[in-house]
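# Structural overview for review
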Amino acid sequence: MALCNMRLPVAVRAVCIKIAYQLCKREPELLKELQAVLSMLDMKDEPPAIKCGVKKVMGG
C-alpha cells in the first residue's frame, strides 16, 4: 500500500492519504479500515505532511 511505503516521496504518500480519505467519505464502511492502516504508522518518524493527513483522517 502506498500509504505505508517509506520509499515513496512524502508528497505522494500525503496525496494517497487524502485520496483514500475522500473515497472513504463516499464509502463510510471503509473508513475504519483506513484508520486501522494509519494507526499502524510510527508517527514519531513521519514528516509533518504525513502527520497532518493522518490527524485529519483520525479526527474526521
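Everything numeric in this text was worked out from a predicted model, so none of it was measured.

What counts, and at which threshold
- Residues numbered from 1 in each chain as written.
- Predicted model: local features only at pLDDT ≥ 70, side-chain atom pairs only at ≥ 80, totals over all residues.
- Heavy atoms only, no water.
- pLDDT = per-residue confidence, 0-100.
- Helix = DSSP H or I, 4+ residues; strand = E, 2+ residues; numbered from the N terminus.
- Axes fitted to C-alpha atoms, helices over the stretch in contact; angles between N-to-C directions.
- Parallel < 35°, antiparallel > 145°, perpendicular 65-115°, else oblique.
- Left-handed = near helix turned anticlockwise from the far one by under 90°.
- Contact = heavy atoms within 4.5 Å.
- Nonpolar A, V, L, I, M, F, W, Y, C, P; charged D, E, K, R; others polar.
- Patch = residues over 30% accessible without salt bridge, like charges linked within 9 Å, V, L, I, M, F, W, Y side chains within 5 Å.
- Areas by Shrake-Rupley, 256 points an atom, 1.4 Å probe, with all protein chains shown as cover.
- Salt bridge = Lys/Arg side-chain N within 4 Å of Asp/Glu carboxyl O.
- Buried < 20%, exposed > 50% of the residue type's maximum accessible area, 1.4 Å probe, protein only.
- Arc of directions from axis to C-beta.
- Polar contact = N/O pair within 3.5 Å; in protein donor to acceptor, adjacent residues only side chain to side chain.

### Concerning the confidence of the model for the chain
- Model confidence for the chain is summarised by a mean pLDDT of 89, while 98% of its residues fall at 70 or above.
- Mean pLDDT per element in the chain: helix α3 (residues 48–59) is the minimum at 91, and helix α1 (residues 10–26) is the maximum at 93.

### A closer look at the packing of helix α2 (residues 31–39) against α3
- The geometry of α2 relative to α3 is characterised by a closest axis approach of 10 Å and an angle of 140° between their N-to-C directions. On the basis of their axis angle, the class for α2 and α3 is oblique. Viewed along their axes, α2 and α3 form a crossing whose handedness is left-handed. Packed against α2, whose contacting residues are Leu31, Leu34, Gln35, Leu38 and Ser39, the element α3 presents Val54, Val57 and Met58 at the interface.
- Among the residues forming the contact of α2 with α3, the class breakdown is 6 nonpolar, 2 polar and no charged.

### What to know about a nonpolar patch on the surface
- On the surface, a nonpolar cluster with roughly 250 Å² of combined accessible area is contributed by Val15, Ile19 and Leu23.
- Relative to the helices and strands, Ile19 is located in helix α1.
- Overall, the relative accessible area of 44% leaves Ile19 in the partly exposed class.

### With respect to α2
- Among the residues making up α2, those that are buried are Leu34, Gln35, Val37 and Leu38. Seen along its axis, α2 keeps its buried residues to an arc of 160°; they face one direction. Those residues of α2 that are exposed and angled more than 90 degrees off the buried face are Lys32 and Glu33.
- Of the surrounding elements, those touching the buried residues of α2 are α1 and α3.

### So, the side chain of Glu46
- Tracing the backbone through its elements, the reader meets Glu46 in the loop between α2 and α3.
- At 3.0 Å, the side chain of Glu46 forms a polar contact with the side chain of Arg13.

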